[in-house]
Amino acid sequence: MKSHRKIATITGSLFLIAMFSSLVGGGIIESIVSAPDFLKAVMDQSGSIWTGVMLELLNGIAVVGIAVALYSILKGYNETLAVGYLGIRILESISCIIPAMKPLALLTIAEKYVAAGSPGESYFQTIGSSLLAERAEIMGLLVPIFFSLSALLFYIFLFQTKALPRFISIWGFIGVASIMVLNIFRIEVPLGMILAAPIILNEIFLGFWLIIKGFNPEKLKRSQ
């Protein structure tokens, strides 16, 4: 029971870290690169870019950490599900880390761009735009796919075992469905934020629930 409580606390903390670092890190970077003269903005706010990148890398680490922390519990229920969850989370982590590195390459380009006198319609801007397009494609396609698959497996586990109250897993299913609709149809803000809200709020609630109350040990025992 003590082991399950410790795992729940670690997992809940990692859920909160992943959500915070993803939202804040991504928000910092996107607010800078969305400027009209984005290369100059990147150069002027290089410290903020580094902060955003570090937070996004922290998110990638936390994503894998969640799967590692949960592995023994999921394995006790279904080893195939546990391995699948870990594998998908690793892929999700990689797809988070790769786009997180793009702004660092952008810093190098921005430095040369400013040194050249910030020429309009230069090849620096073309390269920079390509890097941002690659980042957007990965974050808009691969990350949601792997996130949705891993979340679906986890909420199936929760729903079937009742290791947490059923409303959390049902809420999670709704959140996953909303995220899939959001990314399949490439819906922009503000509707996009409305569709993203259920899973964001769910994972924040889930994180605090795991830290404060943990899993139901009796339900876990029956599933093993």
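Now for a description of the structure that goes with this document. (Residues numbered from 1 in each chain as written. Predicted model: local features only at pLDDT ≥ 70, side-chain atom pairs only at ≥ 80, totals over all residues. Heavy atoms only, no water.)

Regarding the overall build of the protein chain
The criterion, for reference: Counting from the N terminus, the helices are the DSSP runs of H or I reaching at least four residues and the strands are the DSSP runs of E reaching at least two. For every residue, the accessible area (1.4 Å probe, protein chains only) is compared with the maximum for its type, and the residue is labelled buried under 20%, exposed over 50%, or partly exposed between those bounds. Residue contacts are defined here by distance: any two heavy atoms, one from each residue, within 4.5 Å place the two residues in contact. Using a 1.4 Å probe, the Shrake-Rupley method yields the accessible areas, and only the shown protein chains count as cover for residues. Neither His nor the chain termini are counted; the positive set is Lys and Arg, and the negative set is Asp and Glu. A charged residue contributes its charge at one atom only: NZ of Lys, CZ of Arg, CG of Asp or CD of Glu.
What the protein chain contains, in helices and strands, is 8 helices and 0 strands. Reading the helices (α) and strands (β) of the protein chain from amino to carboxyl end gives α-α-α-α-α-α-α-α. In terms of its C-alpha atoms, the protein chain occupies a principal-axis envelope of roughly 70 × 30 × 30 Å. The proportion of buried residues among the 224 residues of the protein chain is 46%. Intrachain contacts of the protein chain at a sequence separation of at least 6 include 76% that bridge at least 24 residues. Of the accessible surface of the protein chain, which amounts to about 11,000 Å², a share of 71% is contributed by carbon and sulfur atoms. Both charge centroids of the protein chain, one from 16 positive and one from 13 negative side chains, sit 20 Å from each other.

Description of helix 3 (residues 46-77)
This is how it is decided: Residue count minus one, scaled by 1.5 Å, sets the expected span of a helix. For a residue, the bend is simply the angle between two axes, fitted respectively to the seven-residue segment ending there and the seven-residue segment starting there.
With 32 residues, helix 3 ought to run about 46 Å at 1.5 Å a step, and its terminal C-alpha atoms sit 47 Å apart, in line with that. Y71 marks the point of greatest bend in helix 3, at about 50°.

Concerning the nonpolar core
Quick note on the threshold: Nonpolar cores are built from buried Ala, Val, Leu, Ile, Met, Phe, Trp, Tyr and Cys residues. Side-chain atoms within 4.5 Å join them into one set.
If you look at the biggest cluster of nonpolar residues, it comprises 36 residues, and the most contacted ones within it are F154, F157 and F215. Counting residues per element, this core draws most heavily on helix 7 (residues 191-212), which supplies 7 residues. Not counting chain neighbours up to four residues away, the residues in contact with F215 comprise H4, A8, L70, I73, L158, A163, L164, L210 and L220. Listed in part, the 20 residues of the second largest apolar core include I32, L39, V42 and L131.

Observations concerning the layout of surface pockets
Selection rule: In the cavity and pocket records, a cavity denotes points on a 1 Å grid over the protein atoms alone where a 1.4 Å probe fits but cannot get out, a pocket denotes an open set with protein on both sides within 12 Å along at least 5 of 7 lines, and lining residues are residues with an atom within 4 Å of a point. Grid points are joined across faces, edges and corners, and a volume is the space filled by probe spheres set on the points.
As a volume, the largest pocket reaches approximately 1,300 Å³. Elements that contribute at least two residues to the lining of the largest pocket include exactly helix 1 (2-33), helix 3, helix 4 (79-115), helix 5 (123-161), helix 6 (166-184) and helix 7. It is helix 5 that provides the largest number of residues to the lining of the largest pocket, a total of 10 residues. Reported here for the second largest pocket is a volume of approximately 180 Å³.

Describing the packing of helix 3 against helix 4
Worth spelling out the cut-off: Note on method: axes are straight lines fitted to C-alpha atoms, helices fitted across the in-contact stretch only, with angles between N-to-C directions ranging 0 to 180 degrees. Roughly parallel covers angles under 35 degrees, roughly antiparallel covers those over 145, roughly perpendicular covers 65 to 115, and oblique covers all other angles. In the scheme used here, Gly and all other residues not listed as nonpolar or charged are polar, with Ala, Val, Leu, Ile, Met, Phe, Trp, Tyr, Cys and Pro taken as nonpolar and Asp, Glu, Lys and Arg as charged.
One can describe the packing of helix 3 onto helix 4 by two numbers: an axis separation of 8 Å at closest approach and a directional angle of 175°. One finds that helix 3 runs roughly antiparallel with respect to helix 4. Residues that form the contact of helix 3 with helix 4 fall into these classes: 27 nonpolar, 4 polar and 5 charged.

Topic: the packing of aromatic side chains
Ring pairs (aromatic) are described by centroid distance and by the angle formed between their planes. Definition in use: Working definition: a ring pair exists when centres of Phe, Tyr or Trp rings (six-membered ring for Trp) sit within 6.5 Å. Plane angles under 30 degrees give stacked, over 60 give edge-to-face, the rest tilted.
Per the counting criterion, the structure on display carries 13 aromatic pairs. Taken together, F15, Y77, Y85, F154, Y155, F157, F159 and F173 form an aromatic cluster joined through their ring pairs.

Remarks on the packing of helix 5 against helix 7
Applicable threshold: Note on convention: the crossing is left-handed when the near helix lies turned anticlockwise from the far helix by less than a right angle, right-handed when the turn is clockwise.
At a minimum axis distance of 14 Å, the contact between helix 5 and helix 7 shows a crossing angle of 50°. Regarding the angle of helix 5 to helix 7, the classification is oblique. Here helix 5 runs over helix 7; the crossing is left-handed. Packed against helix 5, whose contacting residues are F147, F154 and Y155, the element helix 7 presents I199, N202, E203 and L206 at the interface. Its residues placed into classes, the contact of helix 5 with helix 7 shows 5 nonpolar, 1 polar and 1 charged.

What about a nonpolar patch on the surface?
Rule in force here: Think of a patch as exposed residues, more than 30% relative accessible area, with no salt bridge, where like charges cluster within 9 Å and nonpolar side chains (Val, Leu, Ile, Met, Phe, Trp, Tyr) cluster within 5 Å. One side-chain nitrogen of Lys or Arg within 4 Å of one carboxyl oxygen of Asp or Glu is enough to make a salt bridge.
Taken together, the side chains of I90, L91, I94 and I98 present a nonpolar region at the surface, about 310 Å² in accessible area. Among the secondary structure elements, I98 is positioned in helix 4. With relative accessibility at 40%, the residue I98 sits in the partly exposed group.

As far as function goes, none of this settles anything; it's purely spatial.
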